[in-house]
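Overview (structure and organization)
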Amino acid sequence: MRIVKIDRLIVALSIFSGILVSLGRSTQVYPQQISGNGNLGFLPLLLLFPIGIVLMLKWIREAQLRFLSLIGLSTSTTIYLVCGILYQIEQFSQYQVLVKQQVIADRGTIDGDYLTSITSMPSPYMNSQYFNGNTLLIYWASILLMASLIAWWTREEWQMSESD
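Reading the values: rules and limits
Residues numbered from 1 in each chain as written. Predicted model: local features only at pLDDT ≥ 70, side-chain atom pairs only at ≥ 80, totals over all residues. Heavy atoms only, no water. 1 Å grid on protein atoms, 1.4 Å probe; cavity = no way out; pocket = protein on both sides within 12 Å on 5 of 7 lines; lining within 4 Å. Points joined across faces, edges and corners; volume = space filled by probe spheres on them. Helix = DSSP H or I, 4+ residues; strand = E, 2+ residues; numbered from the N terminus. Nonpolar A, V, L, I, M, F, W, Y, C, P; charged D, E, K, R; others polar. Axes fitted to C-alpha atoms, helices over the stretch in contact; angles between N-to-C directions. Parallel < 35°, antiparallel > 145°, perpendicular 65-115°, else oblique. Left-handed = near helix turned anticlockwise from the far one by under 90°. Contact = heavy atoms within 4.5 Å. Expected span 1.5 Å × (residues − 1). Buried < 20%, exposed > 50% of the residue type's maximum accessible area, 1.4 Å probe, protein only. Phe/Tyr/Trp six-rings, centres within 6.5 Å; stacked < 30°, edge-to-face > 60°. Patch = residues over 30% accessible without salt bridge, like charges linked within 9 Å, V, L, I, M, F, W, Y side chains within 5 Å. Areas by Shrake-Rupley, 256 points an atom, 1.4 Å probe, with all protein chains shown as cover. Salt bridge = Lys/Arg side-chain N within 4 Å of Asp/Glu carboxyl O. Polar contact = N/O pair within 3.5 Å; in protein donor to acceptor, adjacent residues only side chain to side chain. pLDDT = per-residue confidence, 0-100.

1. What to know about the layout of surface pockets
- Empty space within the largest pocket amounts to approximately 450 Å³.
- For the lining of the largest pocket, the elements supplying multiple residues, two or more each, are α2 (42-63), α3 (67-107), α5 (127-130) and α6 (133-153).
- With five residues, α6 is the single largest residue contributor to the lining of the largest pocket.
- Counted by class, the lining of the largest pocket contains 14 nonpolar, four polar and no charged residues.

2. Quick notes on the packing of α2 against α6
- Interaxial distance between α2 and α6 falls to 8 Å at its minimum, and their mutual angle equals 45°. When the axis of α2 is compared with that of α6, the two are oblique. When you trace α2 past α6, the crossing you get is right-handed. Only Tyr139, Trp140, Ser142, Ile143, Leu144, Met146, Ala147, Ser148, Ile150 and Ala151 of α6 make contact with α2, whose side of the interface consists of Leu45, Leu48, Phe49, Gly52, Ile53, Met56, Leu57 and Ile60.
- Looking at side-chain class alone, the contact of α2 with α6 contains 15 nonpolar, three polar and no charged residues.

3. As for α3
- Relative to the 60 Å expected for 41 residues at 1.5 Å per residue, α3 spans 59 Å between its end C-alpha atoms, a close match to the ideal helical length.
- For α3, the complete set of buried residues consists of Leu70, Leu73, Ser74, Thr77, Leu81, Gly84, Gln88, Phe92, Tyr95, Val99 and Val103.
- Among the structural elements, α2, α4 (112-118), α5 and α6 are those in contact with the buried residues of α3.
- Two residues or fewer after α3 comes Gly108, characterised by a positive phi angle close to 80°.

4. Structural notes on the packing of aromatic side chains
- One pass over the full model with this rule turns up six aromatic pairs.
- Aromatic rings pair up to connect Phe49, Tyr139 and Trp140 into one cluster.

5. With respect to a nonpolar patch on the surface
- A cluster of nonpolar side chains, namely Val82, Ile85, Leu86 and Ile89, defines an oily patch on the protein surface of about 370 Å² accessible area.
- On the secondary structure map, Val82 appears in helix α3.

6. Remarks on α6
- For α6, spanning 21 residues, the distance from its first C-alpha to its last is 30 Å, which sits close to the expected 30 Å at 1.5 Å a residue.
- Here α6 starts with a cap whose side-chain oxygen sits 3.1 Å from the backbone nitrogen of Asn134, and that cap is Asn132.

7. Let's talk about the environment of Trp140
- Residue position: Trp140 is located in helix α6.
- In sequence terms Trp140 and Leu81 are 59 residues apart; their C-alpha atoms lie 9.8 Å from each other.
- Look past the residues within four positions of Trp140 in its chain and what remains in contact with it is Ile10, Leu13, Ser14, Ser17 and Met56.
- There is a polar contact of 2.8 Å between the side chain of Trp140 and the side chain of Ser17.

8. So, the packing of α3 against α6
- Contact pair α3 / α6: the axes reach a minimum separation of 9 Å and the direction vectors enclose 150°. As judged from the angle between their axes, α3 and α6 are roughly antiparallel. Crossing of α3 against α6: the hand is left-handed.
- Considered class by class, the residues forming the contact of α3 with α6 number 16 nonpolar, nine polar and no charged.

9. Some points on unusual backbone geometry
- The phi torsion at Gln64 lies on the positive side, around 55°, for a residue other than glycine.
- Relative to the helices and strands, Gln64 is located in the loop between α2 and α3.

10. Let's talk about the confidence of the model for the protein
- With 82% of its residues at a pLDDT of 70 or more, the protein has an overall mean of 80.
- Across the protein, element-level confidence peaks in α6 with a mean pLDDT of 91 and bottoms out in helix α7 (residues 155-163) with 59.

As structure tokens, then:
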């Protein structure tokens, strides 16, 4: 069965992306440390994104999901993405405050520019906010949403080609 092979590939890709998220989280730097390793998981995860979409699209087509199923899948993943992203934004801002408080407690009064630089988006001090369970679910929900939307938009083409 072809769908079993696609299922195995999706599971393997899920495990691999989970390992990359764990790797990214392990590079977390704390304020008392001097420097960080950067954000090692971003590039491989970005490269795996289109592969995940292709595999998910093949799975959707092999499973022969109906129109209402695709609409339901798209709607539910969109709802999760909105809620997950709002939750992540809130957690990110709370963690920024925590890191700033830790740095000030450890070093006393400190330059505001330094505090902003270590709590901004690309900082390795914030890796625990980029690489966690919620962001992994957001990543896979994005893949699922893109694949379901592509399947929905192109459904007539692949349904007609299967009937030939």
